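# Tertiary structure, described
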Amino acid sequence: MAFQLLLGEFTGRLAEAGHADLRPVHGMVFQLLRGQGATGTELAQRLGVTKQAAGQLVDDLEKRGYVRREPHPEGGRRKLVVLTEAAHAHLAVAGRTLHDLEAELARRTGTEDLSVLRTELARIIRAMAGDTPPPLRPVW
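Described below are features of the structure shown in this document. These figures come from a predicted structure and were not determined experimentally.

Here we take up the pattern of salt bridges. Applying the stated criterion to the full structure yields 11 salt bridges. Glu104 is the salt-bridge partner of Arg13, the closest N and O atoms lying 2.8 Å from each other. Placement of the pair is Arg13 in helix α1 (residues 2-16) and Glu104 in helix α5 (residues 85-109), with a sequence separation of 91 residues. We note a salt bridge from Arg68 to Glu70, for which the minimum N-O separation is 2.8 Å. What makes Arg68 partly exposed here is its relative accessible area of 39%.

What follows is the structure in structure tokens.
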């Protein structure tokens, strides 16, 4: 329930900041493509979805101007999916929004910061998944 409440508040604040066209799954894709990008197959594996589902996400984000397909540096038919400036701008707004929301939650709960909670949640993830976390499952 805490996750749903936090995600709902975060999504609402992003919408108010002009990013109402994106869902949480898009943010997950952006996080996975940061840096050098990924192929559609790699993205599907990291998200734990089919290649077709990953392809649909990429097609949608490409139409919206958030990603583009480039020739793969190793050649061949593969394409590398990379973030555009619009996606980087979204990530900057999302980062600030999350930081502000976390600071507000720390004040409202009377804790200095949320590092203890973050540490405990990481411990739960490691206990359940080991050192290699499972693919990020999109919240559609």
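Among the five residues in strand β2 (residues 79-83), four count as buried, and that is most of the element. Inspection of the sheet shows strand β1 (residues 67-71) paired to β2 by five bridges, in the antiparallel sense. Note on β2: the bridge partner recorded for Val67 is Leu83.

Definitions and cut-offs
- Residues numbered from 1 in each chain as written.
- Predicted model: local features only at pLDDT ≥ 70, side-chain atom pairs only at ≥ 80, totals over all residues.
- Heavy atoms only, no water.
- Salt bridge = Lys/Arg side-chain N within 4 Å of Asp/Glu carboxyl O.
- Helix = DSSP H or I, 4+ residues; strand = E, 2+ residues; numbered from the N terminus.
- Buried < 20%, exposed > 50% of the residue type's maximum accessible area, 1.4 Å probe, protein only.
- Pairing = 2+ DSSP bridges.

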